[in-house]
Amino acid sequence: MTESPAYSTETELSELTAFNLLYRLHVSALVNYAERFVDDGTARDLVHDVFVRIWTARRFRMPETEIRRYLFRCVLNACRDHVRHQQVENNFLSKTIAQLKLHELEYHEAHWEHAPDERQLRAVYLEIDKLPDRCREIFRRTYLDGCKSRDIAAELGISQRTVEAQLYKALKLLRRSLTGILTLGGWLVLGRQIF
């Protein structure tokens, strides 16, 4: 009975040594391979996750000729899964922004005849000035200057999704802060006056 734990410890040490050697031999090539499909940080994360799964499943006990192929296949699959997940996230964000814009248009269209007065206009400008800096800048560039999201993104060196997210945030904050000040229909007319 006393020999069994020592054998177990030797086996674990042997497995750890084999795994570390496998990791050191292949990690650079796998990261370089993953960088063909995803950015550098994501590539490192995905390769790390592959090695964690291999350690957990004890898949590193394969012959060297098989393990290399297996590792590259695992990284390829991890990259594919990541890109597909990003695509789903991007589609969801695009649909959400489009739905928000449609709801906003319907909202304004339903209450066209209510025009804001001077007090309401001042309140709107004050609330715009209270927006966070980047949010305010993007909001003004879009509604006051009439710039498109992709143009703003290019000029500011950020993604178009970030611009759209900032616009969404600005509209949400303005809507929340101006709820009691502006009548429901005043938004569309107000938009034509100041935006």
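What comes next concerns the included structure. (Residues numbered from 1 in each chain as written. Predicted model: local features only at pLDDT ≥ 70, side-chain atom pairs only at ≥ 80, totals over all residues. Heavy atoms only, no water.)

Turning our eyes to something else, we now look at the pattern of salt bridges. Considering all chains together, one arrives at seven salt bridges under this definition. For the salt bridge of lysine 130 with glutamate 127, the shortest nitrogen-to-oxygen distance reads 3.3 Å. With relative accessibility at 62%, the residue lysine 130 sits in the exposed group. A salt bridge links arginine 161 to glutamate 164; the nearest nitrogen and oxygen atoms lie 3.3 Å apart. Residue arginine 161 and its partner glutamate 164 are both found in helix H7 (residues 160–177); the two are separated by three residues, about one turn of the helix. If you follow the salt bridges from partner to partner, you end up with Arg141, Asp145 and Glu155 in one network. (Salt bridge = Lys/Arg side-chain N within 4 Å of Asp/Glu carboxyl O. Buried < 20%, exposed > 50% of the residue type's maximum accessible area, 1.4 Å probe, protein only. Helix = DSSP H or I, 4+ residues; strand = E, 2+ residues; numbered from the N terminus.)

Now for a positive patch on the surface. Among the surface-exposed residues, Arg69, Arg73, Arg80 and Arg84 lie close enough to one another that they form a single positively charged patch. As for its placement among the helices and strands, arginine 80 is situated in helix H3 (residues 64–110). (Patch = residues over 30% accessible without salt bridge, like charges linked within 9 Å, V, L, I, M, F, W, Y side chains within 5 Å. Areas by Shrake-Rupley, 256 points an atom, 1.4 Å probe, with all protein chains shown as cover. Lys, Arg positive; Asp, Glu negative; His and termini not counted. Charge placed at Lys NZ, Arg CZ, Asp CG, Glu CD.)

A separate point is the packing of helix H5 (residues 133–143) against helix H6 (residues 149–156). At their nearest, the axes of H5 and H6 sit 10 Å apart, and the two run at 135° to each other. The pairing of H5 with H6 is recorded here as oblique in orientation. The interaxial crossing formed by H5 with H6 has right-handed handedness. Of the residues in H6, those touching H5 at Arg134, Glu137, Ile138, Arg141 and Thr142 are Ile152, Glu155 and Leu156. (Axes fitted to C-alpha atoms, helices over the stretch in contact; angles between N-to-C directions. Parallel < 35°, antiparallel > 145°, perpendicular 65-115°, else oblique. Left-handed = near helix turned anticlockwise from the far one by under 90°. Contact = heavy atoms within 4.5 Å.)

Attention shifts here to H5. All of the buried residues in H5 are Cys135, Arg136, Ile138, Phe139, Arg141 and Thr142. Residues of H5 that are buried sit in contact with helix H4 (118–129), H6 and H7.

Let us look at the environment of glutamate 35. Of note, glutamate 35 is situated in the loop between helix H1 (3–34) and helix H2 (40–57). Not counting chain neighbours up to four residues away, the residues in contact with glutamate 35 comprise Asp40 and Ala43.

Right, let's get into the environment of valine 124. Looking at the element boundaries, valine 124 is found in helix H4. Taking C-alpha positions, valine 124 is 7.8 Å from leucine 174, a pair spaced 50 residues apart along the chain.

Tracing the backbone shows arginine 136 in helix H5. At a separation of 2.9 Å, a polar atom in the side chain of arginine 136 contacts the main-chain carbonyl oxygen of aspartate 129. Apart from residues no more than four positions distant in its own chain, arginine 136 is found in contact with Ile128, Asp129 and Leu131. (Polar contact = N/O pair within 3.5 Å; in protein donor to acceptor, adjacent residues only side chain to side chain.)

Before going further, it helps to examine the nonpolar core. If you look at the biggest cluster of nonpolar residues, it comprises 22 residues, and the most contacted ones within it are Leu30, Val47, Val50, Phe51, Leu71 and Val75. Elements supplying a minimum of two residues to this core: H1, H2 and H3. It is H3 that provides the largest number of residues to this core, a total of eight residues. Sequence-distant contacts of leucine 71, defined by excluding residues within four places in its chain, comprise Leu22, His26, Leu30, Val50, Phe51 and Ile54. (Core = buried A, V, L, I, M, F, W, Y, C linked by side-chain atoms within 4.5 Å.)

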